[in-house]
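Below are the chains, spelled out letter by letter.
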Amino acid sequence: MPESAWKLVFYTMSWSYSTYLLFFTHYTFFYNPPSVFYDWKSGMSVPTDIAIAYLIQGSFYGHSIYATVYMDAWRKDSAVMVVHHVITLALITFSYAFRYHNIGVLVLFLHDINDIQLEFTKLNVYFKTRGGSYHLLNDILSNMGSVSFSITWFWFRLYWFPLKVLYATCVSSLDSVPNIPFYFFFNTLLLALLLMNIYWFLFILLFVAKVLTGQMKEVNDVREYEEEEASLLAAKLAKQRSDAGHQDSEEGKHVQNGITKEKHQ
């Protein structure tokens, strides 16, 4: 739970800041994505407000790589999560170094909102059974969070991301800067990010399918390994070891006149 609370605070602040940059300043990147490459020059200065966003996000994802590998619970998608963090950190680092920071702000805005909803939903899942009792409000909030999370994941990451970011980087960039450096390198990383978004969307569809078919009665993380299955597997292995030990002990005995006696070699 502390992990989710910390992430909720961070993503809320980071997304709020990127929202401020895109909608309350002179930047027009969201409404006019091709503008991210207007007047682009190699070695151009990075505005301070964007540099702040890059510093915060770069620090966070650098820590996230370590945390996912050594601190967080290992999940079914943890390996993909590590790859995601590495690609994200590479995009942040190289886009800053080669002055593609404008498109970076747009990418961060389109992704952070889903993480807010994810951590909000997870916290309410924890809180709905706190103190050994059921709390209806947290149950309702967790269900509302899961629905909004599913909708915004598709809208922001699978619709707006290709429409605004990939179109700008793959097509509009060549119109503004015909020989733009590292064209294939950055677009490959962005396409890999899209593929991972599709991969995680499959988990969302699996969650929806389980709810609709009655296999899941409440909001749970389908990425988690089921504790019950793990317990059953452990019990089965223990029973097998016990049976094997019992069988080995029986091999050293024989029954004579209803009395079990030890065999002597």
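Notes on the structure follow. (Residues numbered from 1 in each chain as written. Predicted model: local features only at pLDDT ≥ 70, side-chain atom pairs only at ≥ 80, totals over all residues. Heavy atoms only, no water.)

### Here we look at the packing of helix α2 (residues 48–70) against helix α3 (residues 78–97)
Here is step 1 of the chain: At a closest axis distance of 9 Å, the pairing of α2 and α3 adopts a crossing angle of 155°. One way to sum up the angle between α2 and α3 is to call them roughly antiparallel. Handedness of the α2/α3 crossing: left-handed. Judged by residue contacts, Ala51, Tyr54, Gln57, Gly58, Tyr61, Gly62, Ser64, Ile65, Thr68 and Val69 of α2 engage Ser78, Met81, Val82, His84, His85, Val86, Thr88, Leu89, Ile92, Ser95 and Tyr96 from α3.
Here is step 2 of the chain: Class assignment of the residues belonging to the contact of α2 with α3 gives a composition of 11 nonpolar, 10 polar and no charged. (Axes fitted to C-alpha atoms, helices over the stretch in contact; angles between N-to-C directions. Helix = DSSP H or I, 4+ residues; strand = E, 2+ residues; numbered from the N terminus. Parallel < 35°, antiparallel > 145°, perpendicular 65-115°, else oblique. Left-handed = near helix turned anticlockwise from the far one by under 90°. Contact = heavy atoms within 4.5 Å. Nonpolar A, V, L, I, M, F, W, Y, C, P; charged D, E, K, R; others polar.)

### Section: the pattern of salt bridges
Oppositely charged side chains can pair when the atoms bearing their charge come close.
Here is step 1 of the chain: Scanning the model with the defined rule gives 4 salt bridges in all.
Here is step 2 of the chain: For the salt bridge of Lys7 with Glu3, the shortest nitrogen-to-oxygen distance reads 3.0 Å. Of this pair, Lys7 and Glu3 are both found in helix α1 (residues 2–23), 4 residues apart, which corresponds to roughly one turn of the helix. (Salt bridge = Lys/Arg side-chain N within 4 Å of Asp/Glu carboxyl O.)

### Side note on α2
Here is step 1 of the chain: Its 23 residues give α2 an end-to-end C-alpha distance of 33 Å, which sits within 8% of 33 Å, the value for a rise of 1.5 Å per residue.
Here is step 2 of the chain: Among the residues of α2, Ile50, Ala53, Tyr54, Gln57, Gly58, Phe60, Tyr61, Ser64, Ala67 and Thr68 are the ones counted as buried.
Here is step 3 of the chain: In the core, the buried residues of α2 are packed alongside α1, α3 and α4 (101–127). (Expected span 1.5 Å × (residues − 1). Buried < 20%, exposed > 50% of the residue type's maximum accessible area, 1.4 Å probe, protein only.)

### Remarks on a nonpolar patch on the surface
Here is step 1 of the chain: Taken together, Tyr66, Val69, Tyr70 and Met71 make up a surface patch of nonpolar side chains, about 480 Å² in accessible area.
Here is step 2 of the chain: Relative to the helices and strands, Tyr66 resides in helix α2. (Patch = residues over 30% accessible without salt bridge, like charges linked within 9 Å, V, L, I, M, F, W, Y side chains within 5 Å. Areas by Shrake-Rupley, 256 points an atom, 1.4 Å probe, with all protein chains shown as cover.)

### Examining empty space enclosed by the protein
Here is step 1 of the chain: Per the stated rule, a full pass over the model turns up 1 cavity of 30 Å³ or more.
Here is step 2 of the chain: Quantified by volume, the largest cavity comes out at close to 80 Å³.
Here is step 3 of the chain: Lining the largest cavity are Ser14, Tyr17, Ser18, Leu21, Ala53, Ile56, Gln57, Val105, Leu108 and Asp112.
Here is step 4 of the chain: Taken together, the elements giving at least two residues each to the lining of the largest cavity come down to α1, α2 and α4.
Here is step 5 of the chain: Here the residues of the lining of the largest cavity are counted per class, giving 6 nonpolar, 3 polar and 1 charged. (1 Å grid on protein atoms, 1.4 Å probe; cavity = no way out; pocket = protein on both sides within 12 Å on 5 of 7 lines; lining within 4 Å. Points joined across faces, edges and corners; volume = space filled by probe spheres on them.)

### Some details on the nonpolar core
Here is step 1 of the chain: Within the largest apolar cluster, 53 residues are counted, with the highest numbers of intra-cluster contacts made by Leu110, Phe161 and Val165.
Here is step 2 of the chain: Only α1, α2, α3, α4, α5 (136–176) and α6 (183–212) provide two or more residues apiece to this core.
Here is step 3 of the chain: Looking at this core element by element, the count peaks at 11 residues for α6.
Here is step 4 of the chain: Those residues within four positions of Phe161 in sequence are excluded, and the remaining contacts are Val107, Leu110, His111, Phe156, Leu166, Leu190, Leu193, Leu194 and Asn197. (Core = buried A, V, L, I, M, F, W, Y, C linked by side-chain atoms within 4.5 Å.)

### Things to note about the environment of Leu106
Here is step 1 of the chain: With respect to the element layout, Leu106 can be found in helix α4.
Here is step 2 of the chain: As a C-alpha pair, Leu106 and Val36 span 70 residues in sequence and 9.1 Å in three-dimensional space.
Here is step 3 of the chain: What Leu106 contacts, discounting residues up to four positions off in sequence, is Leu22, Phe29, Phe30, Lys164 and Val165.

### Quick look at unusual backbone geometry
Here is step 1 of the chain: For Arg99, which is not a glycine, the phi torsion comes out positive at approximately 65°.
Here is step 2 of the chain: As for its placement among the helices and strands, Arg99 is situated in the loop between α3 and α4.

### Section: the side chain of Asp112
Here is step 1 of the chain: Looking at the element boundaries, Asp112 is found in helix α4.
Here is step 2 of the chain: Of the side chains with opposite charge, Arg157 lies nearest to the buried Asp112, which makes no salt bridge, at 6.1 Å.
Here is step 3 of the chain: A distance of 2.9 Å separates polar atoms of two side chains, one belonging to Asp112 and the other to Gln57.
Here is step 4 of the chain: The contact partners of Asp112, leaving out residues within four places of it in the chain, are Tyr11, Ser14, Trp15, Gln57 and Tyr61. (Lys, Arg positive; Asp, Glu negative; His and termini not counted. Polar contact = N/O pair within 3.5 Å; in protein donor to acceptor, adjacent residues only side chain to side chain.)

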